[in-house]
Amino acid sequence: MPVTSVEKDLDQLTITIVADFPVPVRRLWDAYTDPRQIERFWGPPTYPATFYRHDALTGGRSVYAMTGPEGDMHYGCWDWTSTDAPHAFEVLDRFSDAAGVPNPDLPTTRVDFAFEETAGGSRLRTTSYFASLDQMQQLIEMGMLEGTRQAMAQIDQVLADLASFAADHLAEAQILSDTQVRVARVIRGTVDQVWRAHNDAALMKRWLLGPDGWSMPVCEIATVVGESYRYEWQRDGGEERFGFTGELLESVEPRRAVTTEAMIGMDFPATLNELTLTEVEGGTLLSLVITYANVEQRDAVLATGMTGGMETSYQRLEGLLQPTLA
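Note that the structure is predicted; figures quoted are calculated from it, not measured.

Moving on to the sheet that holds strand S15 (residues 271–280). Two pairing modes exist for strands in a sheet, parallel and antiparallel, and in both the strands are linked by backbone hydrogen bonds. Overall, antiparallel pairing links the eight strands, which are arranged S9-S10-S16-S15-S14-S13-S12-S11 in an open sheet. If you trace the sheet from one side to the other, it starts and ends with strand S9 (172–175) and strand S11 (214–220), each paired once. Sheet twist, expressed as the mean angle between neighbouring strand axes with direction ignored, is 25°. Inspection of the sheet shows strand S10 (residues 180–187) paired to strand S16 (residues 283–291) by eight bridges, in the antiparallel sense. Its bridge partner being in S16, Gln-180 is matched across the sheet by Thr-291.

In structure tokens:
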């Protein structure tokens with residue numbers, strides 16, 4: 001059990017939980033900032049979590065759900081108020097609906113996560129600040145302390161699992177819901193490099209090609225919110241061609257971009273694509289959450305081998321970045 005102490009301060013209206021781990025601070029920090037990892041321990045064993053959004057940056061947001069044993073869904077959201085990687089971050093933790101809209105009838109808690117080195121590895125000090133004694137008691141009665149203990153007891157297993165999150169792990173598609181899929185891959189490169197690779201047309205034409213045998217004759221990038229983009233690919237030596245177009249809805253350089261995406265010439269509903277870049281050990285975690293119109297569209301796209309084509313492109317991108325990193 002990693003939890004070593006729990007301290008309630010009724011005068012300061014705080015609860016501080018201290019936990020120790022036999023891993024470096026960087027490894028522990030990554031477990032909290034990587035959505036693939038935190039969702040494996042954030043909820044108690046009987047209420048596993050799924051993170052639909054997880055922006056580990058000041059001004060970012062996280063939206064998650066915990067699913068109960070009867071299939072009941074309980075939603076929450078974080079607003080990231082500060083980050084100092086890999087030493088500390090602070091969030092406002094709220095109950096919410098499925099869209100991440102906070103529930104004003106339930107308490108908001110300010111939570112400070114402080115990471116520090118120890119002789120045996122690392123220590124996490126989590127301090128929750130409450131607006132009133134009644135709010136503090138309400139959350140304790142709702143099972144906050146016991147749920148936190150159970151959740152943190154799962155972290156050791158996640159920290160020991162290096163293979164699943166290593167930089168040499170292939171792109172992986174994870175189904176989040178009936179309409180959402182997350183594709184994740186650690187790219188050996190800095191956040192700035194990976195961002196530029198998605199916003200420099202000349203560079204994109206060299207790596208965003210999917211399987212061998214295709215070129216990208218059209219690469220019109222949207223750099224300002226509200227602008228449209230257009231990408232087209234053509235098979236080498238043939239006339240076969242396809243492409244996508246969409247609009248840039250949100251951009252937080254160099255961390256996050258949200259776009260719509262529709263296949264040119266096809267009457268399919270547009271998807272919503274949320275790209276988030278997070279610095280992790282070994283490079284940059286690229287997380288792409290795709291929202292489809294329905295489960296049928298989701299499954300049809302996955303069946304095309306989309307993830308394999310993306311992996312080929314990411315390998316090509318790393319080949320371009322490695323000489324820069326050398």
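A word on the packing of aromatic side chains. Across all of its chains, the model carries 23 aromatic pairs by this definition. Plain terms: the ring middles of Trp-29 and Phe-89 are 5.6 Å apart, the flat faces sit at 80° to each other, and that makes the pair edge-to-face. Placement of Trp-29 in helix H1 (residues 25–33) and of Phe-89 in strand S6 (residues 88–96) is noted, with a sequence separation of 60 residues between them. Ring plane angle 75° and centroid distance 5.4 Å describe the contact between Trp-214 and Phe-242, whose orientation is recorded as edge-to-face.

Those residues carrying the UniProt feature "domain: Activator of Hsp90 ATPase homologue 1/2-like C-terminal" (unreviewed entry) are residues 23–159 and 190–321 in this numbering. Measuring from the first to the last C-alpha atom of residues 23–159 gives 8 Å, for a span that is 26% helix and 39% strand. Overall, residues 190–321 shows 29% helix and 41% strand. The separation of its end C-alpha atoms is 9 Å.

Among soluble globular proteins, nonpolar side chains are generally buried collectively. In this structure, Phe-21, Leu-28, Tyr-32, Phe-89, Phe-113, Phe-115 and Met-152 are the most contacted members of the largest nonpolar core, which totals 35 residues. Broken down by element, the residue count for this core peaks at five residues, all from H1. Aside from chain neighbours lying at most four places away, what touches Leu-28 is Phe-21, Val-23, Phe-115, Ser-122, Arg-123, Leu-124, Ile-155 and Leu-159. Counting 33 residues, the second largest nonpolar core, distinct from the first, contains Met-216, Ala-222, Ile-290 and Leu-321.

Overall, the coordinates contain 23 salt bridges when judged by the stated rule. In this structure, Asp-55 engages Arg-53 in a salt bridge whose closest nitrogen and oxygen atoms are separated by 2.7 Å. For Asp-55, a relative accessible area of 1% puts it in the buried group. Ionic contacts of the salt-bridge type, sharing partners, join the residues Arg-53, Asp-55, Glu-250, Arg-256 and Glu-274 into one network.

It is worth spelling out unusual backbone geometry at this point. Between Ala-85 and the following residue, Pro-86, the backbone shows a cis peptide bond with an omega angle of -5°. With respect to the element layout, Pro-86 can be found in the loop between strand S5 (73–84) and S6. A cis amide bond links Glu-253 with the next residue in sequence, Pro-254, at an omega value of 0°. Counting through the fold element by element, Pro-254 comes out in the loop between strand S13 (241–252) and strand S14 (256–263).

Procedures and definitions
Residues numbered from 1 in each chain as written. Predicted model: local features only at pLDDT ≥ 70, side-chain atom pairs only at ≥ 80, totals over all residues. Heavy atoms only, no water. Pairing = 2+ DSSP bridges. Helix = DSSP H or I, 4+ residues; strand = E, 2+ residues; numbered from the N terminus. Axes fitted to C-alpha atoms, helices over the stretch in contact; angles between N-to-C directions. Phe/Tyr/Trp six-rings, centres within 6.5 Å; stacked < 30°, edge-to-face > 60°. UniProt positions renumbered as here; feature names shortened; annotations may be inferred. Core = buried A, V, L, I, M, F, W, Y, C linked by side-chain atoms within 4.5 Å. Buried < 20%, exposed > 50% of the residue type's maximum accessible area, 1.4 Å probe, protein only. Contact = heavy atoms within 4.5 Å. Salt bridge = Lys/Arg side-chain N within 4 Å of Asp/Glu carboxyl O.

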